[in-house]
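Residue-level structural notes
Next come the chains, spelled out residue by residue.
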Amino acid sequence: MGKDQQYYHWTDVIADKIIRVKGDKDKYIIQSGITPSGTIHLGGFREVITADLIRRALEKRGKNVEFLYIWDDYDVLRKVPVNLPKQDMIQEHLRKPVFRVPDPYGCHETYALHFEKEFEEDNKAVGMKATFVYSHERYLKCEFAEEIKTALEHTAEIKTILNEYRRKPLNDDWLPIFVFCAKCHFDKVSKIEWKKGYDVSYECECGHKDTIDFRKDGIVTLRWRVDWPMRWHHNKVDFETAGKDHFAAGGSVDTGLKIQRQVYKTEPPVGVDTKDFYEWIGIKGRGQFASSTGNVVTLREMLEVYEPEIVRYLFAGTRPNREFSISFDVDVLALYEEFDRVERVYFGLETVNEKKTQQMKVAYELAAISKIPDHMPYQPSYRHLTMLLQIYDFDIDKVIGYFESQLKSDFDKNRLRTRAACAANWIKKYAPEDFKFTVQETCQVTVPEEGKKILHELAAKLEEREWTDKELHEEMYVLCTNHEYPSKDFFKLAYNVLVNKDKGPRLASFILEIGKGNVAALFTSV
Ligand SMILES: [Zn+2]
Ligand SMILES: [Zn+2]
């Protein structure tokens, strides 16, 4: 295959761009960040997973990478999210930094930590490797004192940059900093003045006023539009991306790039500088995410029905600048089948053309959470699991027992347990009615005489010998022909007796899964 036909995954394209722009370095810094002002939904996750996939691509090139995940927990809480308990309590703490607000659930030290830990755990489950940085700790330690001073010294320049895109220019007394009251911790502060050097004075609504040295008091922060480029500079970030709204003309990316170059005199990260933004994601059938309407899905909800590898596979499979939708309907089954196929291609058990093979191999590697097994793992079919789980009344251990002899490694066992749990959740939460059934212990319907005869005969046949799927399937048609009974009516009748519904899983295999003895007993009883 010629070089021009070489397949490049989007993560390879960006990784090569980072190396080209930033040069050969001992260590590359990837950064991402979010304000933990509530449950982080999949929009926020897209940013993280995009960064993490690029980390993998750099590591594949033998590079040393650190992924800094910045929790912007020194940001103020601006409104009370609708879905949280203790609304009144949260209301009282509005306009405080999120790390100063108590956890409404009472299980963590702070509001911020609750959402941070929830997201961190779920991200570990999908194989993300990041250094979590809690902004408030850095600020309280006055780590950015020099950069704050630099920003203050360049106030006029920063104002010019920001005013370029503003209809109403910033006030004359505008400063690139903000102060949280040391006494009440709210942001209801006014008359902020920069005295000289590191000294700032302020007055608070609560009556407190003070002059502080921001090398000693970590209550001074940079305003968001300055804070972001300051961090690119301070952390020497090589790659950072953001949602497309930040990339609007005159948006925080435009002004941030100028501020980093003109004020901090360093070069911005690839990503923001190269306009590699990420797009929105939606939920199939429910449109785009919108926090305001509660139309959001979290990573945790996604992990309820998707194995972590498949979550990675899904995000790796779509370029970040393309929109896509997450499905919770029957597409889930198709996606599992697709992933299993990719795995078979990876292990050479199925062949596709050369280009597709390359694509699938890269996708499979990016999807892996841990070391890829040496041998092809066992692939329990998701569809099959949805049937078994219902036959075994959602007893996952029984379902695992069913596959026991097929499992060769811990990887196989873990996958089966995860996949079975996902399939169980899917049936309970999302499966269409067609997929749901309960095997009946006694027949709930009235069976016509001719129907009874054919069911009794089938029961006898079942007891007679062992059957394969295919043989049993054919045998049922023979019975129908012999009795001059329309096969369509027969299947409907059988499902009604078995699950009290007109339809169900493929009948022959379904009967064998339930156990031919049980089915024979039920059919005989009609
Ligand atoms: Zn909590
Ligand atoms: Zn105060």
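What comes next is a walk through the structure. Each residue is numbered by its place in its chain's sequence as written, counting from 1. Chain labels run from A onward and ligand labels from 1 onward, assigned in the order the entries are written. The predicted origin of the model limits local features to residues at a pLDDT of at least 70 and limits the giving and counting of side-chain atom pairs to 80 or more, whereas totals for whole chains, interfaces and linings rest on all residues. The basis for every side-chain value is the complete set of non-hydrogen atoms in the structure, without hydrogens or water.

Concerning the pattern of salt bridges
The working definition used for a salt bridge is a side-chain nitrogen of Lys or Arg within 4 Å of a carboxyl oxygen of Asp or Glu. Considering all chains together, one arrives at 47 salt bridges under this definition. The closest approach of N and O atoms between Glu153 and Lys149, which form a salt bridge, is 3.1 Å. In this pair, Glu153 and Lys149 both sit in helix α6 (residues 145-153), 4 residues apart, roughly one turn of the helix. Burial classes: relative accessible area under 20% of the type maximum marks a residue as buried, over 50% as exposed, and values in between as partly exposed (1.4 Å probe, protein chains only). The exposure class assigned to Glu153 is partly exposed, which follows from its relative accessible area of 45%. When the shortest N-O distance is used, the salt bridge between Arg344 and Glu350 registers 2.8 Å. Given the relative accessible area of 26%, Arg344 is considered partly exposed. For Glu350, a relative accessible area of 24% translates into the label partly exposed. Residues joined by salt bridges that share partners form a network here, namely Asp12, Asp16, Lys60 and Arg61. Put simply, DSSP marks the helices as runs of H or I at least four residues long and the strands as runs of E at least two long, and each gets a number from the N terminus on.

Quick notes on the layout of surface pockets
The rule is simple: put a 1 Å grid over the protein atoms alone, call a set of points where a 1.4 Å probe fits but cannot get out a cavity, call an open set with protein on both sides within 12 Å along at least five of seven lines a pocket, and count a residue as lining if it has an atom within 4 Å of a point. Grid points are joined across faces, edges and corners, and a volume is the space filled by probe spheres set on the points. The volume enclosed by the second largest pocket comes to roughly 430 Å³. Taken together, 19 residues make up the lining of the second largest pocket; nearest its centre are Tyr313, Gly317, Glu338, Gln359 and Ala363. Put simply, the parts of the chain that give the lining of the second largest pocket at least two residues each are α11 (308-316), α12 (331-346) and α13 (354-367). Partitioning the lining of the second largest pocket into residue classes produces 10 nonpolar, 4 polar and 5 charged. Gly is put with the polar residues, along with every residue not named as nonpolar or charged; the nonpolar set is Ala, Val, Leu, Ile, Met, Phe, Trp, Tyr, Cys and Pro, and the charged set is Asp, Glu, Lys and Arg.

So, the coordination of the zinc ion (ligand 2)
The protein atoms that coordinate the zinc ion (ligand 2) are Cys181 (SG), Cys184 (SG), Cys204 (SG) and Cys206 (SG), at distances of 2.2 to 2.3 Å. Geometry at the zinc ion (ligand 2) is tetrahedral, judged from the 4 donor atoms that bind it and their angles of 104 to 119 degrees at the metal. Only nitrogen, oxygen and sulfur atoms qualify as donors, provided they sit within 2.8 Å of the metal or within 3.2 Å for Na, K and Ca; with water excluded from the atoms, sites may seem incomplete. Geometry is assigned from the angles between donors: four donors with all angles from 85 to 135 degrees make a tetrahedral site, four or six donors whose opposite pairs exceed 155 degrees while the rest stay between 65 and 115 make square planar or octahedral sites respectively, and everything else is labelled irregular.

Brief notes about the side chain of Arg55
Here Arg55 lies in helix α2 (residues 42-60). Note on contacts: a residue pair qualifies if any of its non-hydrogen atoms lie within 4.5 Å across the two residues. Once you skip the residues sitting within four places of it in the chain, Arg55 turns out to touch Ile30, Val65, Phe67, Gly127 and Lys129.

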